[in-house]
Number of protein chains: 2
Amino acid sequence: MTIATAWIGVDWGTTNMRLWAIDAAGTVLAERQTGTGMAALHPRGYEPALLDAAADLLPARRRTPVLVCGMAGARQGWREAPYAPVPGPPCGLPPVSVLAADPRLDVRILPGLCQAAPAADVMRGEETQIAGLLARTPGFDGVACLPGTHTKWARLRAGRVEGFRTILTGELFGLLASQSVLRHSIGPGWDGAAHAAALATALAAPERVPGALFALRAESLLAGLDPAAARARLSGLLIGADLAAAADIWRGQPVAVIGAEPLAGLYAAALAQQEAAVRREDVGALTRAGLTAAYETLSGAEA
Amino acid sequence: MTIATAWIGVDWGTTNMRLWAIDAAGTVLAERQTGTGMAALHPRGYEPALLDAAADLLPARRRTPVLVCGMAGARQGWREAPYAPVPGPPCGLPPVSVLAADPRLDVRILPGLCQAAPAADVMRGEETQIAGLLARTPGFDGVACLPGTHTKWARLRAGRVEGFRTILTGELFGLLASQSVLRHSIGPGWDGAAHAAALATALAAPERVPGALFALRAESLLAGLDPAAARARLSGLLIGADLAAAADIWRGQPVAVIGAEPLAGLYAAALAQQEAAVRREDVGALTRAGLTAAYETLSGAEA
């Protein structure tokens, strides 16, 4: 059987690695995901991890381009890739080649983005999703919202990223829900009304959020607050604070919310409630579109 | 040798236990501190821990009153003590007796305080420091600020606690500095100017704090931010957010800052900068004064 893979696109994050094998016509031949993220790997572990996941997708006797975005390009990753500065295009620097031992591999890592002012900021991986958004919606003038462990808000105009801001919302939720005193009051389950009310309160008066956190614990002690409602309220307070901290970016703009349920849905609903024109985008589709754009640029440059 | 202890006062917190043996004239005969806080003890461990620390201070052949404030009265403590409601005096309910096996012990645990509205809140231990403040400064009309793992802000008037608010500032600092992505950028040391600037920024625009946290990481990656400055800035951002979250309580009021260096000094300096009339108070002295007031009430009631 002939292996028809023309190239492989990889989204190598902190906790997961996801790849697509794509043929010359742009068809996805295979999609795979593993738990071998940056956090689980030493620099020498990347090539074996890639081969474990994709050796059977590599044609023999030729080098297959493998385009990698995400944390594999971090200082503690496979090989450090630079950051392209903003304002600028989401993928404004050429990818960095990695020397692989296996002769079937031609690995390149895409640069991230950095911002010097008004505040220092960096991203790795999200720039490829933004490139995918701009590839699929040329001329998009608005904001990309990428909710997650580190939510990213990026202002896009004329094919460029004008600026962006990172907010540690997912990480803060995880620490507070599982490691702080609030953990005693938080359980599984969800309460949509409690979430929406807490989010609205936090967005209207974000300066009150630090004082509202301990109230979850106290209400649990004094009034038996439902652990599912406590969890939903904590999430609402933190997402409300996130939206408030980025309001100067998204207010009055069309917003593309890039992410999976349930988190991206919560952001999209809250933004719609604030009268933002919201569209939902799929992370995998945008990542693939961004990697494809990078592959096409590379092929064109080397043709 | 005769043991002259008339009674023992104990501040039994989450991580430490501190006690004073006091004679009939009110003189402190001994002061001891151990690491046997609530977190390290099962309910049956309290009496042995107390005897380990204080057996030699107990006169033979009579029961010595032992007055305990703090987390020993929590549900997971020695014995659950109630919460007295606010508005009300800081020690408005009688202490709860604990049955001790040792015939020399007459143990009583002081109730905490609870608030139902405008937001649920609780305290255990700080009410005794507040009682001490009011015992030493009768008629104090203003705010008690007790910085710590869980900072407490309490509005005091006419010998009563009108209301209070808990803010998880110390706990948040610990989680972010040691467990979040920021830990890679934070090191020992201090930068006073960086702290003051971050605090002022956070107090002026608290809604921006969630977006300012990740900038510490990014500035470390992009510009080699000094790890001591990163630590001082994180502290400044969180204390600024704390002051902003409690501004409706302290603004325009005299504030008694109750706590030890360096943390209480940072709060006091920031409040003074905001033109609050600030006085510093020693935790140990106020705790002892509060326990003494409770002991005198008890002695009077049983005389």
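Our subject is the structure that appears above.
Notes on the structure follow. No experiment lies behind these values; they were computed from the predicted model shown. (Residues numbered from 1 in each chain as written. Chains lettered and ligands numbered in written order. Predicted model: local features only at pLDDT ≥ 70, side-chain atom pairs only at ≥ 80, totals over all residues. Heavy atoms only, no water.)

### Describing the sheet that holds strand β4 (residues 64–70) of chain A
Residue and element names in this part refer to chain A. Put simply, the rule reads: Here the rule is simple: two strands pair whenever DSSP picks up at least two bridges between them. Secondary structure elements are taken from DSSP: a helix is a run of H or I of four residues or more, a strand is a run of E of two residues or more, and numbering for both begins at the N terminus. Helix axes are fitted to C-alpha atoms over the stretch in contact, other axes to C-alpha atoms as well, and angles between N-to-C directions run from 0 to 180 degrees.
An order of β3-β2-β1-β4-β7-β6 is seen for the 6 strands of this open sheet, with the pairing classed as mixed. Two strands bound the open sheet, and with one partner strand each, they are β3 (28–34) and β6 (96–98). Taking the axes of each pair of neighbouring strands and ignoring which way they run, one obtains an average angle of 20° across the sheet. In this sheet, strand β2 (residues 17–23) lies alongside strand β1 (residues 5–12) in antiparallel orientation, the contact comprising 7 bridges. For Asp-11, the partnering residue across the bridge sits in β2 and is Arg-18.

### Notes on the packing of aromatic side chains
Where we set the bar: The criterion for an aromatic pair is that two Phe, Tyr or Trp rings (for Trp, the six-membered ring) have centres within 6.5 Å, with stacked assigned to planes under 30 degrees apart, edge-to-face to planes over 60 apart and tilted to the rest. Type-normalised accessible area, obtained with a 1.4 Å probe on protein chains alone, sets the label of each residue: buried when under 20%, exposed when over 50%, and partly exposed for intermediate values. Here, a charge over a ring is recorded when the distance from Lys NZ or Arg CZ to the ring centre is within 6 Å and its angle to the ring normal is within 35 degrees.
Under the counting rule described, the total for this entry stands at 10 aromatic pairs over all chains. Ring centres 5.6 Å apart and planes at 15° place the aromatic pair Tyr-46 of chain A and Trp-78 of chain A in the stacked group. Residue Tyr-46 of chain A is located in helix α1 (residues 46–54), and its partner Trp-78 of chain A is located in the loop between β4 and β5 (83–85); the two are separated by 32 residues in the primary sequence. The residues Tyr-46 of chain A and Trp-78 of chain A share a single accessibility class, namely buried. Between Trp-153 of chain B and Tyr-267 of chain B, the aromatic rings sit 6.3 Å apart at their centres with planes inclined by 50°, giving tilted as the arrangement. Here Trp-153 of chain B, found in strand β11 (residues 151–157), pairs with Tyr-267 of chain B, found in helix α8 (residues 263–273); they are 114 residues apart in sequence, far enough to count as distant. Under the relative-accessibility criterion, Trp-153 of chain B is labelled buried at 0%. On the accessibility criterion, Tyr-267 of chain B (1% relative accessible area) is buried. In this arrangement the basic side chain of Arg-124 of chain A is found over the ring face of Tyr-83 of chain A, its NZ or CZ atom lying 4.2 Å from the centre.

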